[in-house]
Amino acid sequence: FSLFGRDCMHKDNSITSYSAINRISSIYHEEDFAHLTLQTKYVSGYRISSYWVYEIKIEMSDGQRFSFSNRDFYWRQSNRKDLCLEKMVEIKALFSPDQITIKGADDVDKVAAYISLDEAQTQKLHQLFEN
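Calculation criteria
Residues numbered from 1 in each chain as written. Predicted model: local features only at pLDDT ≥ 70, side-chain atom pairs only at ≥ 80, totals over all residues. Heavy atoms only, no water. Helix = DSSP H or I, 4+ residues; strand = E, 2+ residues; numbered from the N terminus. Buried < 20%, exposed > 50% of the residue type's maximum accessible area, 1.4 Å probe, protein only. Contact = heavy atoms within 4.5 Å. Pairing = 2+ DSSP bridges. Axes fitted to C-alpha atoms, helices over the stretch in contact; angles between N-to-C directions. Parallel < 35°, antiparallel > 145°, perpendicular 65-115°, else oblique. Left-handed = near helix turned anticlockwise from the far one by under 90°. Disulfide = S-S within 2.5 Å.

A. Representation of the overall build of the protein in the model. Looking only at helices and strands, the protein has 3 helices and 7 strands in total. Along the protein, helices (α) and strands (β) appear in the sequence β-β-β-β-β-β-α-β-α-α when read from the amino end. Taken along the three principal axes of its C-alpha coordinates, the protein extends 40 × 40 × 30 Å. The 131 residues of the protein split such that 37% are buried. Taking all contacts inside the protein whose residues are at least 6 apart in sequence as the whole, residues at least 24 apart take part in 50%.

Here's what the structure looks like:
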C-alpha cells in the first residue's frame with residue numbers, strides 16, 4: 001500500500017501505473033508514446049536537501065504523462081549511472097526529433113558535477129541533451 005500509487009517503467013519500456021492499493025490502473029507500451037521531454041532540474045524543498053537531476057517526461061497518445069529521473073533508474077545497482085544513461089538514450093531513440101523537447105541543456109555540467117559523473121558519463125549526458 002502507498003499514499004499515492006506508483007508508476008514503473010519495465011525493461012521493455014512499458015509503463016505500468018499502480019493505484020494506492022497496488023492495483024494496476026493502466027499499462028502503456030512504446031506504441032503509446034507520443035512526446036518526450038528531456039530536462040535538467042534543480043529540486044529544492046522545505047524539508048529536503050536541494051539537488052540536481054536529469055529526467056525524462058513521456059507523454060502518451062491519450063495525454064497521460066510520466067516522469068522518471070536519474071534517481072529512479074536502477075538506483076541500488078553499483079553501475080546505476082551508466083545504466084540510467086543507456087536507458088534514457090534507448091528511450092530517446094524511440095522518438096523522432098520533432099517529438100522531443102529539451103529543457104535545461106545549459107545545466108548539464110552542473111548536473112554531471114552534482115551526481116559525480118566521470119568524463120565518459122558526462123559526455124553521454126551531453127549527447128542525451130543534444131538535438
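B. Spotlight on the sheet that holds strand β4 (residues 33-43). Taken in spatial order, the 4 strands make up an open sheet running β6-β5-β4-β7, and their pairing is mixed. The open sheet is flanked by β6 (65-69) and β7 (100-103), the only strands paired with a single partner. When the angles between neighbouring strand axes are averaged without regard to direction, this sheet yields 15°.

C. Expanded view of the environment of Ala112. The topology assignment puts Ala112 in helix α2 (residues 108-114). Residues Ala112 and Leu125, spaced 13 residues apart in sequence, show a C-alpha to C-alpha distance of 7.7 Å. Excluding anything up to four places from it in sequence, Ala112 contacts Leu117, Thr122 and Leu125.

D. Main features of the packing of helix α1 (residues 80-92) against helix α3 (residues 119-128). One can describe the packing of α1 onto α3 by two numbers: an axis separation of 10 Å at closest approach and a directional angle of 20°. As the angle between them shows, α1 and α3 are arranged roughly parallel. Remark: the crossing between α1 and α3 carries left-handed chirality. Taking contact as the criterion, the partners of Lys81, Asp82, Leu85, Glu86, Met88, Val89 and Lys92 in α1 are, on α3, Gln121, Lys124, Leu125, Gln127 and Leu128.

E. Spatial organisation of the sheet that holds strand β1 (residues 6-9). In spatial order, the strands read β1-β2-β3; together these 3 strands make up an open sheet with antiparallel pairing. In this open sheet, the two edge strands, each paired with only one partner strand, are β1 and β3 (24-28). Neighbour-to-neighbour, the strand axes of this sheet turn through a mean angle of 15°, independent of strand direction. With 4 bridges connecting them, β1 and strand β2 (residues 15-18) associate as antiparallel partners. Across the sheet, the residue bridging to Asp7 is Ser17, located in β2.

F. Quick look at the state of the cysteines. Going through the model one piece at a time under the given rule, you end up with 0 disulfides. Left unpaired, Cys8 is separated from the closest cysteine sulfur, that of Cys84, by 15 Å. The buried category is assigned to Cys84, whose relative accessible area is 2%.

G. View of the pairing of β3. In this sheet, β3 lies alongside β2 in antiparallel orientation, the contact comprising 4 bridges. Across the sheet, Tyr18 pairs through a bridge with Ile24, a residue of β3.

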